[in-house]
Amino acid sequence: MAMFLALMTATVMIPGMTTYLPFEMEQQILVPILLFPFLWVGLFIYSYMAEKAWQPLIVMITLCISHILLSYFALSGGVAS
């Protein structure tokens, strides 16, 4: 469960990160892709090091939801309809 949730969260964070990185377009796409392995490993290790099982679950679900919303707003032109 921890591996799947960490993989899903890291994958969802990639398009979301392109919306708030202060780089040029090429670097906005490149940097999240290069950071993917570090994000995945970091989230995976955090899920095993947490003292309570619900803490990483809440953190990863919050990250997923926020980056999904960022991606949606970027694709819809910044206007919520």
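Preceding block: the structure.
About the thresholds
- Residues numbered from 1 in each chain as written.
- Predicted model: local features only at pLDDT ≥ 70, side-chain atom pairs only at ≥ 80, totals over all residues.
- Heavy atoms only, no water.
- Helix = DSSP H or I, 4+ residues; strand = E, 2+ residues; numbered from the N terminus.
- Buried < 20%, exposed > 50% of the residue type's maximum accessible area, 1.4 Å probe, protein only.
- Contact = heavy atoms within 4.5 Å.
- Areas by Shrake-Rupley, 256 points an atom, 1.4 Å probe, with all protein chains shown as cover.
- Polar contact = N/O pair within 3.5 Å; in protein donor to acceptor, adjacent residues only side chain to side chain.
- Phe/Tyr/Trp six-rings, centres within 6.5 Å; stacked < 30°, edge-to-face > 60°.

Looking only at helices and strands, one finds 3 helices and 0 strands in the protein chain. The order of helices and strands in the protein chain, counted from the N terminus, is α-α-α. Burial status across the protein chain gives 26% buried among its 81 residues. Nonlocal contacts in the protein chain, meaning residues at least 24 apart in sequence, comprise 63% of its contacts between residues at least 6 apart. Just so you have it, the protein chain exposes about 5700 Å², and 78% of that area is on carbon and sulfur atoms.

Mapped onto the secondary structure, Ser71 falls in helix α3 (residues 54-75). At a separation of 3.0 Å, a polar atom in the side chain of Ser71 contacts the main-chain carbonyl oxygen of His67. For Ser71, the residues in contact, after removing those within four places along its chain, are Pro15 and Gly16.

As a further point, take the packing of aromatic side chains. Each aromatic ring pair is summarised here by two numbers: the centre-to-centre distance and the angle between the ring planes. Going through the model one piece at a time under the given rule, you end up with 3 aromatic pairs. Taking 5.0 Å as the distance between ring centres and 75° as the angle between the ring planes, the aromatic pair formed by Phe44 and Tyr48 counts as edge-to-face. Separated by 4 residues within a single helix, Phe44 and Tyr48 lie in helix α2 (residues 25-49), roughly one turn from each other. You can call Tyr48 exposed: its relative accessible area is 58%. Between Tyr72 and Phe73, the aromatic rings sit 5.7 Å apart at their centres with planes inclined by 55°, giving tilted as the arrangement.

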